[in-house]
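Examination of the molecular architecture
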Amino acid sequence: MPNTTNSAGNPQTGHINQPKQSLRTNKSINWKTIWIAPTLSCIAQILIWWTYPLIYSKQLSAGQWQNNPWLMTYSIFLALAIYYTFNDAFKGWRHYLLLLVPLFLLYFLYHEVTIQQFILLFLMPISLILFHFKWLNLQNIFGLILYSGISTLSMPVVIFYQQNTFLTKPFLLSLLPLLLSYLFYMSIIFVPKGKKKRMTALTFGVMLLLNTLSLPWNIWTFLAIIIIVFTWMVLINLDLKQKFRMSFFSILQAITVLLIFLQQSR
């Protein structure tokens, strides 16, 4: 029998294959969303945690580096757990499975770090679990402050101690830009809508901007200011899809933090 044709005279078989091509395109997009976004977000988070303690340590008469592959492995899986927790808007099951990995790795780290460092490392996965309990009311600005404080003091402090075998007060005070960057860039995760989003982004954005302006003026300072202003405009004017927010703002935060911390290497 001859092939059935449509009103334009084209064979119907051409229309049968078209949905399959569309399906392949959708699968390709989903594949990129599944792998590229968490990978980039994880790399950004690791750079934020590891770069500054190592840069700052170069200015000190530091002790010998204590090679600790368990700490690096812990930071990788913790960064992935953070990404999926925030990317899923504190829902779903993937982040629960990933949180088991850093909690398991703490068993090996217990024999490699001091009790104070162990407590700092323990705080982050526990806080990610607590964020899910709605009765604690932590999915707001209070949760943002809690997360920012723990993220600033946990991994960077432990990494610094591993590098130098001691901790200094000036190093802790120098972490203020890192704290402000978490408050600003992660505000979209904890306060995603309405006037509260605008006010939160404006408040912490101005604080981060003023702190950056207090640094010595050079090309790095100028670039950091441009990124901060650009991010604020995105937060105010655009409503990014949930699946893009964490990776997008993690990358912007990493770039800003690296530009600010490059001041320390000069």
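Residues numbered from 1 in each chain as written. Predicted model: local features only at pLDDT ≥ 70, side-chain atom pairs only at ≥ 80, totals over all residues. Heavy atoms only, no water.

**Topic: the side chain of Gln117**
- Here Gln117 is to be found in helix α4 (residues 115-130).
- Of the residues examined, Gln117 reaches a relative accessible area of 4% and is grouped as buried.
- Every residue in contact with Gln117, bar those within four places of it in the chain, is listed here: Val158, Tyr161 and Gln162. (Helix = DSSP H or I, 4+ residues; strand = E, 2+ residues; numbered from the N terminus. Buried < 20%, exposed > 50% of the residue type's maximum accessible area, 1.4 Å probe, protein only. Contact = heavy atoms within 4.5 Å.)

**Brief notes about helix α2 (residues 69-87)**
- Taking 1.5 Å of rise per residue, the 19 residues of α2 would be expected to cover 27 Å, and the 27 Å separating its terminal C-alpha atoms lies within 8% of that figure.
- Trailing α2 by a residue or two, Ala89 shows a phi angle of about 55°, which is positive. (Expected span 1.5 Å × (residues − 1).)

**Let's talk about the confidence of the model for the chain**
- Across the chain, the average pLDDT comes to 82, with 83% of residues at or above 70.
- Confidence drops under a pLDDT of 50 for residues 11-29, and excluding neighbours within four residues, the segment shows six contacts in the predicted structure. (pLDDT = per-residue confidence, 0-100.)

**Here's the deal with the environment of Thr168**
- Of note, Thr168 is situated in the loop between α6 (155-164) and α7 (169-173).
- In this structure Thr168 comes out as buried when scored by relative accessible area, which is 18%.
- Taking C-alpha positions, Thr168 is 9.7 Å from Val157, a pair spaced 11 residues apart along the chain.

**Quick notes on the packing of α2 against helix α3 (residues 94-109)**
- Two elements in contact, α2 and α3, have axes whose closest approach is 8 Å; the angle formed by their N-to-C orientations is 160°. Taken together, α2 and α3 sit at an angle that is classed as roughly antiparallel. With respect to the hand of their crossing, α2 and α3 are arranged in left-handed fashion. Where α2 approaches α3, its residues Trp70, Leu71, Thr73, Tyr74, Phe77, Leu78, Leu80, Ala81, Tyr84, Thr85 and Asn87 are matched on the opposing element by Arg94, His95, Leu98, Leu99, Val101, Pro102, Leu105, Leu106, Phe108 and Leu109.
- Of the residues belonging to the contact of α2 with α3, the class tally is 16 nonpolar, four polar and one charged. (Axes fitted to C-alpha atoms, helices over the stretch in contact; angles between N-to-C directions. Parallel < 35°, antiparallel > 145°, perpendicular 65-115°, else oblique. Left-handed = near helix turned anticlockwise from the far one by under 90°. Nonpolar A, V, L, I, M, F, W, Y, C, P; charged D, E, K, R; others polar.)

**Looking at the packing of aromatic side chains**
- Enumeration according to the criterion identifies 21 aromatic pairs in this entry.
- Judged by centre distance (5.0 Å) and plane angle (80°), the ring pair of Tyr83 and Tyr84 falls under edge-to-face.
- Between Phe90 and Phe131, the ring centres sit 6.1 Å apart and the planes meet at 70°, which makes this aromatic pair edge-to-face. A residue pair is termed long-range when its members are at least 10 positions apart, and Phe90 in the loop between α2 and α3 and Phe131 in the loop between α4 and α5 (141-153) qualify at 41 residues. This pair shows no difference in class: Phe90 is buried, exactly as Phe131 is. (Phe/Tyr/Trp six-rings, centres within 6.5 Å; stacked < 30°, edge-to-face > 60°.)

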